[in-house]
Amino acid sequence: MTDQQTANVVEIRKLWTVFESPEGDQVVHRDLDLTIRKGEVLSLVGGSGTGKTVLLRQILGLERPSKGEVSVLGHPPGRLSATGAANVGMLFQHGALFSAFSVLDNVAFPLRELKLLPDDLIRDAALVKLQMVGLDPQQATKSPADLSGGMIKRVALARALIMDPPLLLLDEPTAGLDPESADGFCDLLRGLHRELGLTVVMVTHDLDTLFDLSTRIAVLADQRVIVAGTARDVIAYPHPFIHEYFLGGRGQRAMEALHEGVPPPTVSGLAGAAGLPLTER
């Protein structure tokens, strides 16, 4: 394996996703290529129906593409063994906690399913992960119904990290959170990314989260990844979705908040790099 292959955690080549229906086949992805590098936070953005969450599920091995190749840490995700599956952690959009389980049992669930460790060791590991996400042991006996939205996200994150995966997938991690809780969750993710050396793939519609955490952004449109790069690279790419998404009112407010009190780059400057006259912004 080459050094470049080692540095690439996920490689997607010529991927097609086609859903069959009585009305005819629906092509979601067509010849989609994407590389995710070790240690980065890559965010997937795109309009509704562009297959962002579907792509996460294919990386996780929950769905198979119609054609093409997906490689995770050098292996097809569908062929990961039970132990190999520990290479990927997943935080689902609404937490997806088991309502009948306590917080501790939710976090411990993946380790218990493997049946490789004694229960007292699994319990200690779950408590450590809860502490890592900012929850004290007193929260361990609560049920999901007793938790706030922000706490549900933290418990789900602790469960995603219970087997110390090098790759973490996040589906709308700050969806449904108030601004203060969303900022706190972003701070938590940033710290864990730095301390654990994680590679993170994130789907988000929240522009504040996008600009706050991403080292690269990949834009899905026209059934493929049309551009992947830094925020500056992406905003400079000439495409109607990018202009609307990043240079509209919401995008400008997010960029202004990100650079509050800091000299350029500003939204106007980034738009200028795309060659857009002011009236088009």
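Residues numbered from 1 in each chain as written. Predicted model: local features only at pLDDT ≥ 70, side-chain atom pairs only at ≥ 80, totals over all residues. Heavy atoms only, no water.

Enquirer: Give a detailed account of the environment of Leu111, specifying residues and quantitative values.
Expert: Mapping Leu111 onto the fold places it in helix α3 (residues 103-114). Looking at Leu111, the relative accessible area reads 9%, which means it is buried. Spatially, the C-alpha atom of Leu111 lies 7.2 Å from that of Met163, the residues being 52 residues apart in sequence. Discounting chain neighbours no more than four positions away, the residues touching Leu111 are Leu117, Ile122, Ala125, Ile162 and Met163. (Helix = DSSP H or I, 4+ residues; strand = E, 2+ residues; numbered from the N terminus. Buried < 20%, exposed > 50% of the residue type's maximum accessible area, 1.4 Å probe, protein only. Contact = heavy atoms within 4.5 Å.)

Enquirer: Break down the environment of Ala175 for me, citing the residues and quoting the values.
Expert: Within the element layout of this structure, Ala175 appears in the loop between β6 (167-171) and α6 (179-196). On the basis of relative accessible area, Ala175 is assigned to the partly exposed category, the value being 26%. Between the C-alpha atom of Ala175 and that of Gly150, which follows or precedes it by 25 residues, the distance is 9.8 Å. Apart from the residues lying within four places of it in its own chain, the contact partners of Ala175 are Gln93 and Lys153.

Enquirer: Account for the pattern of salt bridges, naming residues and giving values.
Expert: Overall, the coordinates contain 8 salt bridges when judged by the stated rule. A salt bridge links Lys14 to Asp33; the nearest nitrogen and oxygen atoms lie 4.0 Å apart. With a gap of 19 residues between them, Lys14 in strand β1 (residues 8-19) and Asp33 in strand β2 (residues 26-37) connect regions that are remote in the sequence. For Lys14, a relative accessible area of 48% corresponds to the partly exposed category. Bridged by salt links that share partners, the residues Asp105, Arg112 and Asp119 form one connected network. (Salt bridge = Lys/Arg side-chain N within 4 Å of Asp/Glu carboxyl O.)

Enquirer: Lay out the sheet that holds β6 in plain terms, naming residues and giving numbers.
Expert: Spatially, the 6 strands line up as an open sheet ordered β5-β6-β7-β3-β8-β9, and their pairing is mixed. Only two strands of the sheet have a single neighbouring strand rather than two, namely β5 (88-91) and β9 (224-229). Averaged over all pairs of adjacent strands, the angle between their axes in this sheet comes to 20°, without regard to strand direction. Bridge analysis of β6 against strand β7 (residues 199-203) gives 5 bridges, and the strand direction is parallel. The residue bridging Leu167 from the neighbouring strand is Thr199, located in β7. Sitting on the sheet, helix α2 (residues 52-60) is in contact with β3 (41-46), β5, β6, β7 and β8 (216-221), with an inclination near 155° to β6. Relative to β8, helix α9 (residues 240-247) is tilted by about 130°, and along the sheet it contacts β3, β8 and β9. (Pairing = 2+ DSSP bridges. Axes fitted to C-alpha atoms, helices over the stretch in contact; angles between N-to-C directions.)

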